Amino acid sequence: PPGGADAVIGLLHDARKAAIDHDATVTLRLDPKTLKYQADTSGVNGFGILAAGYLDLGLTQTLVTDLPRLQYVFRPTGAVFADTVVVRGGAVPLVVRVDPWSGVARADSR
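Numbering of residues starts from 1 in each chain and follows the order in which that chain's sequence is written. The model is predicted, so local features are restricted to residues of pLDDT at least 70 and side-chain atom pairs to those at 80 or more, both for listing and for counting; the totals for chains, interfaces and linings are taken over all residues. Heavy atoms throughout the structure, all of them, feed into the side-chain values; hydrogens and water do not.

The predictor's confidence in any single residue is recorded as pLDDT, a number from 0 to 100. Of all residues in the protein, 97% attain a pLDDT of 70 or more, and the chain-wide mean is 92. Numbering of helices and strands starts at the N terminus; helices are DSSP runs of H or I of at least 4 residues and strands are runs of E of at least 2. For the protein, the element scoring lowest by mean pLDDT is strand 3 (residues 46-54), at 88; strand 5 (residues 70-74) scores highest, at 97.

Now the structure itself:
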């Protein structure tokens, strides 16, 4: 099965793609304890919930952050204002970061 970092990156990729495709701002919120997420759109055509659910990290992996809620705000250009999170429980802890200019997420060890 894909690792927890891959699951987080996949969710971020989908939110970025939706912002570009819909020419809207997409805000993704993720609760690091319950792994519940929700993505909302806002743009010239109004706003609404784009997606909601639970991130599947498997049984052994967890998200580690000091924040009560992670937030990622993707612009229609793909640029993003993003939090950083650590995924623990795999072979090594991975830090998931998002480049603010391109909006592309990546994971690496510290």
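Turning to the pattern of salt bridges, a few remarks are in order. Any two side chains of opposite charge can pair, on the condition that their charged atoms come close. Salt bridges are counted wherever a side-chain nitrogen of Lys or Arg sits within 4 Å of a carboxyl oxygen of Asp or Glu. Summed over all chains, the structure comprises four salt bridges. For Arg97, the salt bridge identified is with Asp108, shortest N-O distance 2.7 Å. Here the residue Arg97 occupies a position in strand 8 (residues 94-98), and Asp108 occupies one in strand 9 (residues 105-108), the gap between them amounting to eleven residues. Asp108 is the partner of Arg106 in a salt bridge, and the nearest nitrogen-oxygen pair spans 3.4 Å. Three exposure classes are used, based on accessible area relative to the maximum for each residue type with a 1.4 Å probe and protein chains only: buried under 20%, partly exposed in between, and exposed over 50%. Arg106 sits in the partly exposed class, given a relative accessible area of 44%. For Asp108, a relative accessible area of 23% gives the class partly exposed. Connected through salt bridges with shared partners, the residues Arg97, Arg106 and Asp108 form a single ionic network.

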